[in-house]
Amino acid sequence: MSQMQEELRQKAKELLEKGEVRYIIGWGKGRFHHRPPIFIYQAEDVDKLVWDEYCVANLGKYLLDDKFPEGKIGICVRGCDSRAVVRLVQDKQVKREDVCLIGLPCTGKVDQEGRELVKCRDCMHRNPPVYDIVLGEPVEEKGNPDRFKRVEELEKLSSDEKYEYWSNVFDKCIRCYACRNVCPACNCRECFVDQYRVGWQGKQKNCMQNQIFGLTRAYHIADRCIECGECERVCPVGLPLMELNRKLIKDLNSLFGPYEAGVNPDVKPPLGEYRLEDPEEYM
Ligand code: SF4
Ligand code: SF4
């Protein structure tokens, strides 16, 4: 058993025994190498917590299942989970005082075949930027200077080529909404795709409606996307959703200056505040 996993179980036991948290959200052992999210209420159950290279799922969004908790919720956070919680706090979906963030520096995760996940290769924050407790030692931040490379390639296409490319992508979408359901930035009480107003988002599964869904969702979370890559990881038809998210992040950075969602709780998303010097060429 890894040292970090042992430390995590010890800390979880301590927090539960002292009553500092009501329960802890972490990862547990599933079939094969799956590590589904688990909820630990009793100190005697902490040995169900797992910390290894297969702990893939972003846990932040599970906080939305208990928005008015009776007592603090302990939650294991890597860099991406920590950023997800910051975003949920900034969106007033979660109260910071309701959560105890158990930080776990992360060296990247692998898929069921042991291959490094694409989303981890592009990770900019392996250490949790915000935490209450941190276990183990900080790990080296690698970043990925090439994370916008694919976006730059797509930018070179003509308008017609871009339209054809994205039409082919969204033609395959089956509108399962897994991307939305997993996304910590998608936290509207009622999603636009679930509304039944006339002239609103169509329910048909066709290329046009799929494009409207994909593009509207991407724009809706443009300055709140934490680049966790969960949407792309869970998409059952393997759509390159991060290409779209990163295009918007790249554009926001060039328009409003360097910004990464969920890293600093005191910095608001650029589209969420108005400044006199904001660019407005389109006006
Ligand atoms: S859009 Fe994708 S990468 Fe961005 S926060 Fe949502 S799930 Fe994570
Ligand atoms: S997860 Fe993929 S297939 Fe499902 S709605 Fe999102 S883009 Fe479409």
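Residues numbered from 1 in each chain as written. Chains lettered and ligands numbered in written order. Predicted model: local features only at pLDDT ≥ 70, side-chain atom pairs only at ≥ 80, totals over all residues. Heavy atoms only, no water.

**What about unusual backbone geometry?**
Working step 1: In the Ramachandran plot, K92 falls in the positive-phi region, its phi being about 60° despite a non-glycine side chain.
Working step 2: Its location among the elements puts K92 in the loop between helix 2 (79-90) and strand 4 (99-103).
Working step 3: For K92, a relative accessible area of 73% gives the class exposed.
Working step 4: The backbone of R175 sits at a positive phi, close to 55°, despite the residue not being glycine. (Helix = DSSP H or I, 4+ residues; strand = E, 2+ residues; numbered from the N terminus. Buried < 20%, exposed > 50% of the residue type's maximum accessible area, 1.4 Å probe, protein only.)

**Brief notes about the domain arrangement of the protein**
Working step 1: As assigned here, the protein comprises domain 1 (3-134) and domain 2 (149-269).
Working step 2: Facing the 23 residues of domain 1 at the interface are 25 residues of domain 2.
Working step 3: In total, domain 1 and domain 2 occlude about 1,900 Å² of area from one another, counting both sides; carbon and sulfur atoms represent 52% of this.
Working step 4: Per-residue buried area on domain 1 facing domain 2 is highest for K61, R83 and R87; these three make up 34% of the total on that side.
Working step 5: In this assembly, domain 1 and domain 2 are joined by three salt bridges.
Working step 6: Where the side of domain 1 that touches domain 2 is concerned, the elements lending two or more residues are helix 2 and helix 3 (118-121).
Working step 7: Counting residues per element, the side of domain 1 that touches domain 2 draws most heavily on helix 2, at eight residues.
Working step 8: Here the side of domain 1 that touches domain 2 is built from residues that sort into twelve nonpolar, five polar and six charged. (Domains from an automatic or database assignment. Contact = heavy atoms within 4.5 Å. Buried area = accessible area lost by both parts, 1.4 Å probe. Salt bridge = Lys/Arg side-chain N within 4 Å of Asp/Glu carboxyl O. Nonpolar A, V, L, I, M, F, W, Y, C, P; charged D, E, K, R; others polar.)

**Examining the site of ligand 1**
Working step 1: Surrounding ligand 1, one finds 13 residues, the nearest of these being C183, C225, C228, G229 and C231.
Working step 2: Those elements that place two or more of their residues in the shell around ligand 1 are helix 8 (230-234) and helix 9 (241-256).
Working step 3: Residues belonging to the shell around ligand 1 are distributed by class as follows: eight nonpolar, two polar and three charged. (Near = heavy atom within 4 Å.)

**Here we look at the packing of helix 7 (residues 207-220) against helix 9**
Working step 1: Closest axis-to-axis distance for the helix 7/helix 9 pair is 10 Å, and the angle between their directions is 40°. As far as their axial angle goes, helix 9 and helix 7 are oblique. Judged by the sense of rotation from one axis to the other, the crossing of helix 7 with helix 9 is right-handed. On helix 9, the residues touching G214, L215, A218 and Y219 of helix 7 are L244, N245 and L248. (Axes fitted to C-alpha atoms, helices over the stretch in contact; angles between N-to-C directions. Parallel < 35°, antiparallel > 145°, perpendicular 65-115°, else oblique. Left-handed = near helix turned anticlockwise from the far one by under 90°.)

**Some thoughts on the environment of D98**
Working step 1: With respect to the element layout, D98 can be found in the loop between helix 2 and strand 4.
Working step 2: Along the chain, D98 and G74 lie 24 residues apart, while their C-alpha atoms are 8.8 Å from each other.
Working step 3: Excluding its chain neighbours within four sequence positions, the residues that come into contact with D98 are K67, P69, G71, K72 and I73.

**Considering the environment of K67**
Working step 1: Here K67 is to be found in the loop between strand 2 (37-40) and strand 3 (73-77).
Working step 2: It is 10.0 Å that separates the C-alpha atoms of K67 and K92, two residues lying 25 residues apart in sequence.
Working step 3: Setting aside residues up to four positions removed in sequence, K67 forms contacts with Q93 and D98.
Working step 4: Here Q93 takes part through its side chain, which lies 2.8 Å from a polar atom of the side chain of K67. (Polar contact = N/O pair within 3.5 Å; in protein donor to acceptor, adjacent residues only side chain to side chain.)

**As for a nonpolar patch on the surface**
Working step 1: On the surface, Y163, M208 and I212 cluster together to form a nonpolar patch covering roughly 310 Å² of accessible area.
Working step 2: Along the chain, I212 turns up in helix 7.
Working step 3: Judged by relative accessible area, I212 falls into the partly exposed class, the value being 35%. (Patch = residues over 30% accessible without salt bridge, like charges linked within 9 Å, V, L, I, M, F, W, Y side chains within 5 Å. Areas by Shrake-Rupley, 256 points an atom, 1.4 Å probe, with all protein chains shown as cover.)

**Some details on the sheet that holds strand 1 (residues 23-27)**
Working step 1: One open sheet holds the five strands; their spatial order is 2-1-3-4-5, and the pairing between them is mixed. Each edge of the open sheet carries a strand with a single partner, namely strand 2 and strand 5 (133-134).
Working step 2: Where strand 4 meets strand 5, two bridges bridge the pair, whose relative direction is parallel. When the bridges of strand 5 are listed, G103 appears paired with V134.
Working step 3: In this fold helix 1 (residues 3-17) packs onto strand 1, strand 2, strand 3, strand 4 and strand 5, with an angle of close to 165° to the strand it touches most, strand 1.
Working step 4: Sitting on the sheet, helix 2 touches strand 1, strand 3 and strand 4, and the angle it makes with strand 3 is about 135°. (Pairing = 2+ DSSP bridges.)

**Describing the pattern of salt bridges**
Working step 1: Inspection of the entire model under this criterion finds 25 salt bridges.
Working step 2: Across the salt bridge formed by R35 and D52, the nearest N and O atoms sit 2.9 Å from each other. You can see R35 sitting in the loop between strand 1 and strand 2 and its partner D52 sitting in the loop between strand 2 and strand 3, a full 17 residues away along the chain.
Working step 3: K250 is paired through a salt bridge with E155; the nearest N and O atoms lie 3.0 Å apart. Remark: E155 occurs in helix 4 (residues 149-155) and K250 occurs in helix 9; sequence separation between them is 95 residues.

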